[in-house]
Amino acid sequence: MAAREIGPIVIIGCGPAGSSCALKLKKSAEARGAPLPIIVYEGKHLDRKSYFNQCLGVLSPPLGDIMEKELGVPFPWPIIQRKIEGYVVHADRTAIALEGGRAPSYACRRVEFDNYLYRMVKEAGIPIIPARVTDLDFSADGVMVYSEMDNVRAGLVVGAFGLDDGMAKVFERATAYRMPPFLSSVVTKIHPGEAAMDRFGNVIHAFLPSSLDRVEFGAITPKGNHLSINIAGRRVDAGTLGDFLGLDEVCDVLAGACGSALPPLTYFKGRFPTLPARAPFGERYVMIGDAAGLNRPFKGKGINSAVVTGIRAAEAIAARGGSVEAFEEYLKCCAELTGDIPYGRALRWLVNSFSRLGLMEGVLDAARREPALRRAMFNVVSGQETYKKTWREARSVGLLWRVLVSSIRKKLARSPKA
Ligand SMILES: Cc1cc2nc3c(=O)[nH]c(=O)nc-3n(C[C@H](O)[C@H](O)[C@H](O)COP(=O)(O)OP(=O)(O)OC[C@H]3O[C@@H](n4cnc5c(N)ncnc54)[C@H](O)[C@@H]3O)c2cc1C
């Protein structure tokens with residue numbers, strides 16, 4: 001079915017994935033001289049910025065290039081609060097500073113970023129219906145989309161609803177789609193004051209604590225006037241975040257603003273997909289962004305993946321219509337993401353295993369002596385290179401052996417003497 005024969009295309013969600021898809025679809029269809037009817041549904045008041053988004057709002061390269069070249073939308077410089085100049089990785093009582101990369105990342109308030117994209121979609125003349133989609137009926141001649149406000153008969157629905165349980169259940173009932181597996185994340189923020197923010201600097205601290213077996217990783221990210229603190233793991237909760245805030249290495253980074261020195265905290269909970277969704281496309285539907293789960297399975301850049309998958313799906317629809325073949329092409333065009341997943345999974349398993357065994361301190365010691373390992377760690381933490389490329393650049397039997405020896409030595413040195 002050619003794109004112009006599909007009928008209205010409904011995009012569910014106006015986050016980074018949905019807004020990018022809408023903008024690219026409009027641009028690509030117009031370039032082909034065949035404008036398409038596009039309708040976006042968004043359940044949050046993105047125009048009012050009056051909600052919390054648990055995302056830390058770190059925009060990583062090459063997001064600016066992608067937005068400018070592929071969407072024709074300028075990078076949102078006015079909303080940037082901070083340039084991220086480096087990372088410090090902590091494994092228990094050992095830490096290493098990592099700097100470098102091709103370009104810095106930038107931190108903003110995520111609600112500002114969503115609002116910016118929302119305005120771009122509006123300015124492009126794409127209608128956004130401010131309501132949650134509540135149900136879908138799939139039939140041979142279309143999809144009835146029900147919402148809190150109205151209903152529309154669509155020719156195709158694009159799922160850009162993130163990891164929203166309710167919407168995923170609707171698709172799971174009606175199609176073969178299955179939501180991606182995910183890690184939970186708990187986020188809080190503290191306002192340590194201007195002087196403490198200046199001392200903290202423009203670096204993100206990432207933690208791999210061996211003593212908290214529920215926590216895969218934690219991070220402290222400097223924002224405009226506060227620090228965002230988050231942990232991730234399969235079964236983390238606000239109590240686990242309290243345990244994390246009690247770790248010596250975390251207290252040191254917070255310069256003592258921890259434990260009883262903390263004011264009452266507000267908590268938010270979010271999710272990271274760790275693997276692709278099952279059946280991310282089918283007759284008359286396709287998933288993008290977190291809903292598709294085509295993310296880096298370890299250490300983020302979810303916004304970039306959302307934007308890229310939104311763009312690739314739009315290109316496939318504009319060029320090939322709404323058929324299953326078109327979406328097979330879409331998946332092929334996401335090869336940089338999908339091809340990296342096995343490498344990311346292997347790395348995640350390795351880091352988690354080393355961390356649980358208390359071997360990561362030795363890895364950080366080895367990285368101080370080994371520039372290739374330091375570079376690889378920077379690429380993994382910053383997400384500036386694919387895992388595949390990082391692995392190919394850093395792999396060497398000699399290096400792996402030295403890392404292993406360093407890890408075991410450090411572990412033995414830390415073990416209490418009999
Ligand atoms: C704690 C945490 C920190 C993170 N930090 C970063 C970071 O610093 N940098 C980064 O690149 N990534 C980060 N991520 C990942 C990033 O937030 C996601 O990958 C990204 O937001 C995915 O975009 P999306 O458009 O697919 O989904 P979302 O951003 O979740 O957008 C989905 C949209 O769909 C709407 N919606 C849902 N259901 C319906 C419905 N039924 N009807 C209508 N609308 C609906 C929602 O309101 C929402 O606006 C973080 C994630 C977490 C959990």
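In the block above lies the structure referred to throughout.
Read on for an overview of the structure. The written sequence of each chain sets the order in which its residues are numbered from 1. Two thresholds apply to this predicted model, a pLDDT of at least 70 for residue-level local features and 80 or more for giving and counting side-chain atom pairs, whereas whole-chain, interface and lining totals are computed over all residues. Side-chain calculation: all heavy atoms of the structure are included, whereas hydrogens and water are not.

Here we come to the pairing of strand β15 (residues 217–222). Consecutive residues of a regular strand have side chains that alternate between opposite faces of the sheet. Buried residues are those whose accessible area, probed at 1.4 Å on protein chains only, stays under 20% of the maximum for their type, while exposed residues exceed 50% and partly exposed ones sit between those limits. Numbering of helices and strands runs from the N terminus, with a helix taken as a DSSP run of H or I at least four residues long and a strand as a DSSP run of E at least two residues long. For β15, the tally of buried residues reaches 6 of 6 residues, placing the bulk of the element in the interior. Here a strand pair is declared whenever DSSP counts at least two bridges between the two strands. Here strand β14 (residues 203–207) runs beside β15; their pairing, made up of 3 bridges, is antiparallel. Within β15, the position partnered with H205 by the bridge is I220. Linking β15 to strand β16 (residues 227–233), which pair antiparallel, is a turn of 4 residues.

So, on to the site of the ligand. Near, as used in this document, describes a residue that has one of its heavy atoms within 4 Å of the molecule or strand being considered. Taken together, 35 residues lie near the ligand, and E42, V58, R110, V133 and D290 sit nearest. Contacts described as polar in this section are N or O atom pairs within 3.5 Å, which, within protein, must combine one atom able to donate a hydrogen with one able to accept it, while residues neighboring in sequence count only if both atoms come from side chains. Contact between the ligand and P16: an oxygen atom at 3.3 Å from a main-chain N or O atom of the residue. Within the contact set of the ligand, an oxygen atom lies 2.8 Å away from a side-chain nitrogen or oxygen of R110. Of all the secondary-structure elements, those providing two or more residues to the shell around the ligand are α1 (16–31), β13 (182–190), β17 (268–273) and α8 (302–320). Classification used: nonpolar for Ala, Val, Leu, Ile, Met, Phe, Trp, Tyr, Cys and Pro, charged for Asp, Glu, Lys and Arg, polar for all others including Gly. For the shell around the ligand, the residue count by class is 16 nonpolar, 11 polar and 8 charged. Start and end points for every domain follow an automatic or database-based domain assignment. Both domains that meet at the shell around the ligand, namely domain 1 (3–57 + 109–181 + 274–338) and domain 2 (182–272), each give it at least three residues.

Looking along the chain, the bond that leaves P61 and enters P62 is cis, with omega of 5°. Along the chain, P62 falls in the loop between β3 (58–59) and α2 (63–71). A positive phi angle, near 55°, is found at D92, a position not held by glycine. By the secondary structure assignment, D92 is in the loop between β5 (86–91) and β6 (94–98). Classification of D92 by relative accessible area gives buried; the value is 17%. Despite not being glycine, A279 has its phi angle at roughly 45°, a positive value. Its location among the elements puts A279 in the loop between β17 and β18 (281–282). By relative accessible area, which is 27% here, A279 ends up partly exposed.

For the second largest pocket, the calculated volume is near 780 Å³. Lining the second largest pocket are 28 residues, and of these L347, L350, V351, V363 and L373 sit closest to its centre. Within the residue set of the lining of the second largest pocket, elements represented by two or more residues are α11 (341–356), α12 (360–369), α13 (371–382), α14 (387–394) and α15 (397–414). No other element matches the 6 residues that α11 contributes to the lining of the second largest pocket. In this analysis, the protein atoms alone were mapped onto a 1 Å grid. Cavities are point sets where a 1.4 Å probe fits without being able to get out; pockets are open sets with protein on both sides within 12 Å along at least five of seven lines; lining residues have an atom within 4 Å of a point. Grid points are joined across faces, edges and corners, and a volume is the space filled by probe spheres set on the points.

A separate point is the sheet that holds strand β1 (residues 9–12). The 6 strands lie next to each other as β8-β2-β1-β12-β19-β18, forming an open sheet whose pairing is mixed. Two strands bound the open sheet, and with one partner strand each, they are β8 (128–129) and β18. The pairing of β1 with strand β2 (residues 38–41) spans 4 bridges and is classified as parallel. Bridge pairing in β2 places V10 opposite I39.

Moving on, we get to the environment of V308. Counting through the fold element by element, V308 comes out in helix α8. As for V308 and Y330, which are separated by 22 residues in sequence, their C-alpha atoms are 11 Å apart. Here, residues are in contact when the closest pair of their heavy atoms is within 4.5 Å. Excluding residues that lie within four positions of it along the chain, V308 makes contacts with I66 and L337.

The salt bridge criterion pairs a side-chain nitrogen of Lys or Arg with a carboxyl oxygen of Asp or Glu, the two atoms within 4 Å. As enumerated under the stated definition, the model contains 22 salt bridges in all. Two residues, R368 and D365, come together in a salt bridge whose shortest N-O distance is 2.8 Å. Of this pair, R368 and D365 are both found in helix α12, 3 residues apart, which corresponds to roughly one turn of the helix. For D365, a relative accessible area of 15% translates into the label buried. In this structure, a network of salt bridges that share partners links the residues K24, E70, R312 and E315.

The subject of this paragraph is empty space enclosed by the protein. For the coordinates displayed, the defined rule picks out 1 cavity of 30 Å³ or more. Put simply, the largest cavity is a space of about 40 Å³. Taken together, A372, R375, A376, N379, T390, E393 and A394 make up the full set of residues lining the largest cavity. The set of elements that each furnish at least two residues to the lining of the largest cavity consists of α13 and α14. Considering every element that reaches the lining of the largest cavity, the biggest residue donor is α13, with 4 residues. Partitioning the lining of the largest cavity into residue classes produces 3 nonpolar, 2 polar and 2 charged.

With that out of the way, let us pick up helix α9 (residues 324–333). Within α9 the residues assigned to the buried category are A326, F327 and Y330. Projected down its long axis, α9 carries its buried residues within an arc of 95°, all on one side. Exposed residues lying more than 90 degrees from the buried face of α9 are E325 and K332. The inward-facing, buried residues of α9 contact β12 (156–159), β18, β19 (285–287) and α8. An arc is given here, and it is the one of the directions from the helix axis to the C-beta atoms.

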